[in-house]
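Summary of structural features
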Amino acid sequence: MTNYFINTKDGHWQLKKAHAERATFVADTKAEIKRKTQDFVQGKNKISVKIQKRDGTFQDESTFQRKDDPRKSKG
């Protein structure tokens, strides 16, 4: 499974692949980066996106496609 993270850097939100040096996408708002991420993962398999808050704690995690989610939960 390929892991991505949504977090902040230098006052902007970014989608970044785990262990990558550069962000895949950058946006001014969290809502905007989430929209870009939704478009990016369409049709891709086995991607995990972990969303962090500004303080660095984790807010949420989503797996795309849902059938690839290793957890048997609704969330």
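This next bit is on the pattern of salt bridges. Where charged atoms of side chains with opposite charge meet at close range, the side chains can pair. Scanning the model with the defined rule gives one salt bridge in all. Residues Lys36 and Glu32 are paired through a salt bridge, measuring 3.9 Å at the closest nitrogen-oxygen approach. Taken together, the residues Lys36 and Glu32, both in helix α1 (residues 30-41) and four residues apart, mark about one turn of the helix.

Quick look at the nonpolar core now. Counting residues in each nonpolar core, the largest one holds twelve residues, listed as Tyr4, Ile6, Trp13, Leu15, Ala27, Ile33, Phe40, Val41, Ile47, Val49, Ile51 and Phe64. Mapped onto this core, the elements with two or more residues apiece are β1 (2-9), β2 (12-17), α1 and β4 (47-52). Here Leu15 is in contact with Tyr4, Phe5, Ile6, Ala23, Thr24, Phe25, Ile33, Thr37, Phe40 and Val49, once residues within four sequence places are set aside.

Attention now goes to the packing of aromatic side chains. The description of an aromatic ring pair uses the distance of the two centres, along with the angle that the planes make with each other. All told, the structure shown has three aromatic pairs when counted by the stated rule. When the centroid spacing of 5.5 Å and the interplanar angle of 70° are considered together, the rings of Tyr4 and Phe40 count as edge-to-face. Of this pair, Tyr4 sits in strand β1 while Phe40 is found in helix α1, placing the two residues 36 residues apart along the sequence. For the pair Tyr4 and Phe40, one class covers both residues: buried. Aromatic pair Phe5 and Phe58: ring centres 6.3 Å apart, planes at 50°, arrangement tilted.

The subject of this paragraph is α1. Helix length check: α1, at twelve residues, gives a terminal C-alpha distance of 16 Å against a target of 16 Å (1.5 Å per residue), a fit within 8%. Residues of α1 that are buried include every one of Ile33, Thr37, Phe40 and Val41, and no others. End-on, the buried residues of α1 take up no more than an arc of 85°, which puts them together on one face. Exposed residues lying more than 90 degrees from the buried face of α1 are Arg35 and Asp39. Those residues of α1 that are buried lie in contact with β1, β2, β3 (25-27), β4 and β5 (58-64). Remark: Gly43 follows α1 within two positions and exhibits a positive phi of approximately 80°.

Calculation notes
- Residues numbered from 1 in each chain as written.
- Predicted model: local features only at pLDDT ≥ 70, side-chain atom pairs only at ≥ 80, totals over all residues.
- Heavy atoms only, no water.
- Salt bridge = Lys/Arg side-chain N within 4 Å of Asp/Glu carboxyl O.
- Helix = DSSP H or I, 4+ residues; strand = E, 2+ residues; numbered from the N terminus.
- Core = buried A, V, L, I, M, F, W, Y, C linked by side-chain atoms within 4.5 Å.
- Buried < 20%, exposed > 50% of the residue type's maximum accessible area, 1.4 Å probe, protein only.
- Contact = heavy atoms within 4.5 Å.
- Phe/Tyr/Trp six-rings, centres within 6.5 Å; stacked < 30°, edge-to-face > 60°.
- Expected span 1.5 Å × (residues − 1).
- Arc of directions from axis to C-beta.

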